[in-house]
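# Observations on chain architecture
Residue-level listing of the chains:
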Amino acid sequence: MSATRTPAIIQVAADQEALARTAAEWVTSQMEAVLQKQPMFRLSLAGGSTPRATYRLLGNPAEPWRQRIAWERLEFFWGDERLVAATHADSNYRMANEALLSRVPVQPAHVHRVMTELATPDAVAAAYEAELRAVFAVASLSPSSSSLQSPLLWPAFDLVLLGLGADGHIASLFPGTTAVDETQRWVVAPFVEKFGTHRISLTLPVINNASAVAFLVSGSDKAETVARVLSPSGARDLPAARVQPQGELVWLLDCAAAGGLEP
Ligand code: 6PG
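As the structure is a prediction and not an experimental result, all values here were calculated from the model.

### Observations concerning the overall build of the protein
Summing up its helical and strand segments, the protein has 6 helices and 10 strands in all. Rg of the C-alpha trace for the protein: 17 Å, near the compact-globule value of 18 Å for 263 residues, within the 12% margin. A buried classification covers 52% of the 263 residues belonging to the protein. Of all intrachain contacts in the protein linking residues separated by at least 6 positions in sequence, the fraction that spans at least 24 positions is 75%. When the accessible surface of the protein is split by element, carbon and sulfur atoms take 53% of a total near 11700 Å². One way to put it: in the protein the 21 positive side-chain charges average out to a point 2 Å from where the 26 negative ones average out.

Structure follows, in C-alpha coordinates:
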(Lines give C-alpha, C1' and ligand atoms only; values in the text may rest on other atoms or scores of the structure.)
Protein backbone atom coordinates (compact mmCIF):
# COMPACT_ATOMS: atom_id res chain seq x y z
CA MET A 1 0.00 0.00 0.00
CA SER A 2 1.53 3.30 -1.05
CA ALA A 3 2.72 5.56 1.76
CA THR A 4 1.37 8.64 0.03
CA ARG A 5 -2.34 9.00 -0.57
CA THR A 6 -3.45 8.30 -4.12
CA PRO A 7 -4.83 11.60 -5.38
CA ALA A 8 -8.51 10.97 -6.01
CA ILE A 9 -10.26 12.04 -9.21
CA ILE A 10 -13.74 13.31 -8.31
CA GLN A 11 -16.62 13.55 -10.78
CA VAL A 12 -19.93 14.99 -9.57
CA ALA A 13 -23.16 14.38 -11.47
CA ALA A 14 -26.39 16.34 -10.99
CA ASP A 15 -28.52 13.49 -9.65
CA GLN A 16 -28.82 9.69 -9.42
CA GLU A 17 -29.72 9.23 -13.08
CA ALA A 18 -26.85 11.44 -14.24
CA LEU A 19 -24.51 9.58 -11.90
CA ALA A 20 -25.52 6.24 -13.42
CA ARG A 21 -24.83 7.59 -16.92
CA THR A 22 -21.51 9.13 -15.84
CA ALA A 23 -20.49 5.82 -14.29
CA ALA A 24 -21.55 3.83 -17.36
CA GLU A 25 -19.44 6.10 -19.57
CA TRP A 26 -16.44 6.02 -17.24
CA VAL A 27 -16.49 2.21 -16.87
CA THR A 28 -16.92 1.68 -20.62
CA SER A 29 -14.07 4.06 -21.43
CA GLN A 30 -11.87 2.29 -18.89
CA MET A 31 -12.62 -1.07 -20.50
CA GLU A 32 -11.94 0.26 -24.01
CA ALA A 33 -8.60 1.76 -22.93
CA VAL A 34 -7.38 -1.35 -21.11
CA LEU A 35 -8.50 -3.76 -23.84
CA GLN A 36 -6.35 -1.84 -26.30
CA LYS A 37 -3.36 -3.19 -24.35
CA GLN A 38 -4.40 -6.64 -23.05
CA PRO A 39 -6.72 -9.50 -23.98
CA MET A 40 -8.98 -9.57 -20.91
CA PHE A 41 -10.52 -7.08 -18.46
CA ARG A 42 -11.14 -8.32 -14.93
CA LEU A 43 -13.77 -6.37 -13.03
CA SER A 44 -14.90 -6.69 -9.42
CA LEU A 45 -18.50 -5.56 -9.08
CA ALA A 46 -19.90 -3.55 -6.18
CA GLY A 47 -22.96 -4.78 -4.36
CA GLY A 48 -25.72 -2.88 -2.62
CA SER A 49 -28.28 -0.75 -4.45
CA THR A 50 -26.37 2.20 -5.93
CA PRO A 51 -24.68 0.41 -8.84
CA ARG A 52 -27.87 -1.25 -10.11
CA ALA A 53 -28.82 1.70 -12.35
CA THR A 54 -25.34 1.73 -13.91
CA TYR A 55 -25.40 -2.03 -14.53
CA ARG A 56 -28.80 -1.69 -16.22
CA LEU A 57 -27.49 1.08 -18.51
CA LEU A 58 -24.41 -0.95 -19.49
CA GLY A 59 -26.57 -3.86 -20.62
CA ASN A 60 -29.34 -1.86 -22.27
CA PRO A 61 -29.26 -2.21 -26.09
CA ALA A 62 -31.08 1.13 -26.40
CA GLU A 63 -28.12 2.89 -24.71
CA PRO A 64 -24.71 3.59 -26.32
CA TRP A 65 -22.55 1.49 -23.99
CA ARG A 66 -23.59 -2.13 -24.60
CA GLN A 67 -22.35 -2.16 -28.22
CA ARG A 68 -19.00 -0.54 -27.25
CA ILE A 69 -18.12 -3.26 -24.75
CA ALA A 70 -16.28 -6.44 -25.79
CA TRP A 71 -18.32 -8.68 -23.51
CA GLU A 72 -16.43 -11.86 -24.44
CA ARG A 73 -13.23 -10.28 -23.10
CA LEU A 74 -14.60 -9.44 -19.65
CA GLU A 75 -14.36 -11.49 -16.45
CA PHE A 76 -16.69 -10.61 -13.58
CA PHE A 77 -16.11 -10.98 -9.85
CA TRP A 78 -17.72 -9.56 -6.72
CA GLY A 79 -16.09 -7.34 -4.12
CA ASP A 80 -18.33 -8.84 -1.50
CA GLU A 81 -21.35 -11.04 -1.06
CA ARG A 82 -24.04 -11.64 1.50
CA LEU A 83 -24.25 -15.15 2.88
CA VAL A 84 -27.51 -15.94 1.14
CA ALA A 85 -28.50 -18.11 -1.84
CA ALA A 86 -27.70 -16.73 -5.27
CA THR A 87 -31.45 -16.47 -5.86
CA HIS A 88 -32.09 -14.50 -2.66
CA ALA A 89 -33.30 -10.90 -2.94
CA ASP A 90 -30.24 -9.73 -0.92
CA SER A 91 -27.73 -11.49 -3.17
CA ASN A 92 -25.23 -9.17 -4.86
CA TYR A 93 -24.82 -11.83 -7.54
CA ARG A 94 -28.57 -11.84 -8.20
CA MET A 95 -28.68 -8.05 -8.44
CA ALA A 96 -25.86 -7.90 -11.00
CA ASN A 97 -27.17 -10.91 -12.90
CA GLU A 98 -30.67 -9.46 -13.23
CA ALA A 99 -29.49 -5.93 -14.03
CA LEU A 100 -26.66 -6.84 -16.41
CA LEU A 101 -25.13 -10.30 -16.78
CA SER A 102 -28.29 -12.09 -17.93
CA ARG A 103 -28.71 -9.44 -20.66
CA VAL A 104 -25.25 -9.48 -22.30
CA PRO A 105 -23.11 -12.15 -24.06
CA VAL A 106 -20.71 -12.80 -21.19
CA GLN A 107 -19.23 -16.30 -21.19
CA PRO A 108 -20.58 -18.21 -18.15
CA ALA A 109 -17.05 -19.36 -17.29
CA HIS A 110 -16.11 -15.70 -16.95
CA VAL A 111 -18.65 -15.05 -14.20
CA HIS A 112 -17.01 -15.90 -10.87
CA ARG A 113 -19.83 -15.99 -8.36
CA VAL A 114 -19.17 -16.39 -4.63
CA MET A 115 -20.40 -19.94 -3.88
CA THR A 116 -22.49 -19.04 -0.85
CA GLU A 117 -24.12 -22.48 -0.80
CA LEU A 118 -21.00 -24.08 0.71
CA ALA A 119 -21.19 -25.40 4.27
CA THR A 120 -19.55 -22.61 6.32
CA PRO A 121 -18.58 -18.93 5.85
CA ASP A 122 -14.89 -19.86 5.96
CA ALA A 123 -15.44 -22.56 3.32
CA VAL A 124 -17.17 -19.99 1.10
CA ALA A 125 -14.29 -17.53 1.53
CA ALA A 126 -11.67 -20.23 0.91
CA ALA A 127 -13.40 -21.43 -2.25
CA TYR A 128 -13.70 -17.88 -3.63
CA GLU A 129 -10.04 -17.18 -2.84
CA ALA A 130 -9.04 -20.45 -4.53
CA GLU A 131 -10.98 -19.44 -7.64
CA LEU A 132 -9.35 -16.02 -7.68
CA ARG A 133 -5.91 -17.59 -7.29
CA ALA A 134 -6.60 -19.96 -10.17
CA VAL A 135 -7.82 -17.20 -12.48
CA PHE A 136 -5.11 -14.69 -11.64
CA ALA A 137 -2.30 -17.26 -11.58
CA VAL A 138 -3.03 -18.10 -15.21
CA ALA A 139 -3.45 -14.42 -15.99
CA SER A 140 -0.03 -13.66 -14.51
CA LEU A 141 1.77 -16.18 -16.72
CA SER A 142 3.88 -14.25 -19.17
CA PRO A 143 3.60 -15.53 -22.76
CA SER A 144 7.17 -16.88 -22.57
CA SER A 145 6.85 -18.83 -19.32
CA SER A 146 4.74 -21.97 -19.05
CA SER A 147 5.16 -22.44 -15.30
CA LEU A 148 4.39 -20.07 -12.47
CA GLN A 149 7.63 -19.05 -10.74
CA SER A 150 6.06 -18.18 -7.35
CA PRO A 151 2.51 -17.94 -6.03
CA LEU A 152 0.93 -14.58 -6.68
CA LEU A 153 1.02 -12.20 -3.73
CA TRP A 154 -2.11 -10.28 -4.77
CA PRO A 155 -4.47 -10.40 -7.75
CA ALA A 156 -4.48 -7.37 -10.03
CA PHE A 157 -8.06 -6.48 -10.91
CA ASP A 158 -8.30 -4.04 -13.79
CA LEU A 159 -11.14 -2.30 -11.98
CA VAL A 160 -12.74 -2.63 -8.57
CA LEU A 161 -16.11 -0.91 -8.19
CA LEU A 162 -17.04 0.04 -4.62
CA GLY A 163 -20.02 1.52 -2.89
CA LEU A 164 -19.72 3.42 0.38
CA GLY A 165 -21.62 2.78 3.56
CA ALA A 166 -22.64 5.80 5.64
CA ASP A 167 -20.43 4.28 8.37
CA GLY A 168 -17.46 4.31 5.99
CA HIS A 169 -17.48 0.60 5.17
CA ILE A 170 -16.49 -0.69 1.77
CA ALA A 171 -17.36 -4.11 0.38
CA SER A 172 -17.99 -5.98 3.65
CA LEU A 173 -15.09 -4.41 5.54
CA PHE A 174 -16.76 -2.60 8.42
CA PRO A 175 -15.13 -0.09 10.81
CA GLY A 176 -13.66 -1.66 13.96
CA THR A 177 -13.51 -5.21 12.58
CA THR A 178 -10.32 -7.23 12.25
CA ALA A 179 -11.19 -7.94 8.60
CA VAL A 180 -10.15 -4.38 7.76
CA ASP A 181 -6.60 -5.15 8.92
CA GLU A 182 -6.18 -8.48 7.09
CA THR A 183 -2.77 -8.62 5.43
CA GLN A 184 -2.48 -12.20 4.18
CA ARG A 185 -5.77 -13.51 2.84
CA TRP A 186 -7.44 -12.34 -0.36
CA VAL A 187 -10.95 -13.13 0.90
CA VAL A 188 -12.38 -13.08 4.44
CA ALA A 189 -15.68 -14.03 6.05
CA PRO A 190 -16.20 -11.50 8.88
CA PHE A 191 -19.11 -11.70 11.29
CA VAL A 192 -20.87 -8.33 10.96
CA GLU A 193 -22.49 -7.38 14.27
CA LYS A 194 -24.91 -4.86 12.77
CA PHE A 195 -26.44 -7.55 10.56
CA GLY A 196 -25.93 -10.49 12.93
CA THR A 197 -24.46 -12.54 10.11
CA HIS A 198 -21.25 -13.28 8.24
CA ARG A 199 -20.37 -11.60 4.98
CA ILE A 200 -17.78 -12.51 2.32
CA SER A 201 -15.35 -9.77 1.27
CA LEU A 202 -12.22 -9.03 -0.68
CA THR A 203 -9.55 -7.61 1.61
CA LEU A 204 -7.91 -4.19 1.44
CA PRO A 205 -4.57 -5.42 0.00
CA VAL A 206 -6.52 -6.98 -2.89
CA ILE A 207 -8.54 -3.81 -3.48
CA ASN A 208 -5.41 -1.67 -3.26
CA ASN A 209 -3.58 -3.85 -5.77
CA ALA A 210 -6.14 -3.00 -8.45
CA SER A 211 -5.16 -0.94 -11.49
CA ALA A 212 -8.19 1.25 -10.81
CA VAL A 213 -10.77 1.66 -8.06
CA ALA A 214 -13.99 3.60 -8.60
CA PHE A 215 -16.39 4.57 -5.83
CA LEU A 216 -20.00 5.00 -6.88
CA VAL A 217 -21.84 7.03 -4.22
CA SER A 218 -25.28 8.61 -4.23
CA GLY A 219 -27.42 10.38 -1.67
CA SER A 220 -27.15 13.02 1.05
CA ASP A 221 -26.90 10.32 3.73
CA LYS A 222 -23.37 9.61 2.47
CA ALA A 223 -22.26 13.29 2.19
CA GLU A 224 -20.65 13.57 5.61
CA THR A 225 -18.75 10.31 5.20
CA VAL A 226 -17.57 11.28 1.69
CA ALA A 227 -16.30 14.60 3.06
CA ARG A 228 -14.48 12.85 5.95
CA VAL A 229 -12.87 10.27 3.69
CA LEU A 230 -11.74 12.85 1.13
CA SER A 231 -10.56 15.36 3.74
CA PRO A 232 -6.79 16.00 3.94
CA SER A 233 -6.67 14.23 7.32
CA GLY A 234 -8.20 11.22 5.63
CA ALA A 235 -10.30 9.76 8.49
CA ARG A 236 -8.00 6.74 8.80
CA ASP A 237 -10.53 5.04 11.10
CA LEU A 238 -12.82 4.52 8.11
CA PRO A 239 -12.16 1.54 5.82
CA ALA A 240 -13.02 3.72 2.79
CA ALA A 241 -10.12 6.04 3.67
CA ARG A 242 -7.72 3.11 3.45
CA VAL A 243 -8.52 2.54 -0.20
CA GLN A 244 -5.31 3.81 -1.77
CA PRO A 245 -4.82 1.76 -4.91
CA GLN A 246 -1.59 1.33 -6.81
CA GLY A 247 -3.48 2.71 -9.77
CA GLU A 248 -6.27 5.17 -10.36
CA LEU A 249 -8.72 6.23 -7.63
CA VAL A 250 -11.98 7.76 -8.85
CA TRP A 251 -15.00 8.98 -6.90
CA LEU A 252 -18.20 9.15 -8.96
CA LEU A 253 -20.74 11.10 -6.90
CA ASP A 254 -24.08 12.79 -7.32
CA CYS A 255 -24.53 16.33 -5.95
CA ALA A 256 -26.25 15.00 -2.83
CA ALA A 257 -23.33 12.74 -1.91
CA ALA A 258 -20.87 15.55 -2.72
CA GLY A 259 -22.77 18.00 -0.53
CA GLY A 260 -20.10 18.06 2.18
CA LEU A 261 -17.16 18.75 -0.12
CA GLU A 262 -15.51 22.15 -0.54
CA PRO A 263 -16.71 23.71 -3.82
C1 6PG B 1 -23.06 -4.59 0.05
C2 6PG B 1 -22.02 -3.70 -0.52
C3 6PG B 1 -21.76 -2.55 0.36
C4 6PG B 1 -22.41 -1.37 -0.34
C5 6PG B 1 -22.56 -0.21 0.59
C6 6PG B 1 -23.40 0.88 -0.07
O7 6PG B 1 -22.98 -5.81 -0.14
O8 6PG B 1 -24.00 -4.02 0.62
O9 6PG B 1 -21.05 -4.17 -1.17
O10 6PG B 1 -20.41 -2.28 0.60
O11 6PG B 1 -21.63 -1.01 -1.48
O12 6PG B 1 -23.20 -0.67 1.75
O13 6PG B 1 -24.67 0.31 -0.35
P14 6PG B 1 -25.80 1.14 -1.16
O15 6PG B 1 -25.28 1.31 -2.55
O16 6PG B 1 -27.00 0.24 -1.11
O17 6PG B 1 -25.96 2.45 -0.42
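Read on, since the account is not over.
### Section: the pattern of salt bridges
Opposite charge on two side chains lets them pair, provided their charged atoms get close. Taken as a whole, this structure holds 13 salt bridges when the rule is applied. A salt bridge links E32 to R68, with the shortest nitrogen-to-oxygen separation between them at 2.8 Å. Pair noted here: E32 is in helix α1 (residues 16-34) and R68 is in the loop between α2 (52-59) and β3 (74-78), with a separation of 36 residues, a long-range link. Between E182 and R185 there is a salt bridge, with the nearest N and O atoms lying 3.0 Å from each other. For E182, a relative accessible area of 14% gives the class buried. Among the residues examined, R185 registers a relative accessible area of 41% and is labelled partly exposed. The structure contains a network of salt bridges with shared partners spanning E17, R21 and E63.

### As for α1
Residues separated by three or four positions in an α-helix point in the same direction, a consequence of the helix having 3.6 residues per turn. When the terminal C-alpha atoms of α1 are compared, their 27 Å separation across 19 residues agrees well with the 27 Å that a helix rising 1.5 Å per residue should span. Among the residues making up α1, those that are buried are L19, A20, A23, A24, W26, V27, T28, Q30, M31 and V34.

### Describing the sheet that holds strand β5 (residues 159-162)
A sheet is described by the order of its strands in space; here 6 strands give the open sequence β1-β10-β9-β5-β2-β3, paired in parallel fashion. Whereas interior strands pair on both sides, the edge strands pair on one side only; in this sheet they are β1 (9-13) and β3. Each strand axis lies, on average, 20° off the axis of its neighbour in the sheet, ignoring direction. Note: strand β9 (residues 212-217) against strand β10 (residues 248-254), 6 bridges, orientation parallel. Across the sheet, V217 pairs through a bridge with L253, a residue of β10.

The rules we used
Residues numbered from 1 in each chain as written. Predicted model: local features only at pLDDT ≥ 70, side-chain atom pairs only at ≥ 80, totals over all residues. Heavy atoms only, no water. Helix = DSSP H or I, 4+ residues; strand = E, 2+ residues; numbered from the N terminus. Rg over C-alpha atoms; globule rule 2.2 N^0.38 Å. Buried < 20%, exposed > 50% of the residue type's maximum accessible area, 1.4 Å probe, protein only. Contact = heavy atoms within 4.5 Å. Areas by Shrake-Rupley, 256 points an atom, 1.4 Å probe, with all protein chains shown as cover. Lys, Arg positive; Asp, Glu negative; His and termini not counted. Charge placed at Lys NZ, Arg CZ, Asp CG, Glu CD. Salt bridge = Lys/Arg side-chain N within 4 Å of Asp/Glu carboxyl O. Expected span 1.5 Å × (residues − 1). Pairing = 2+ DSSP bridges. Axes fitted to C-alpha atoms, helices over the stretch in contact; angles between N-to-C directions.

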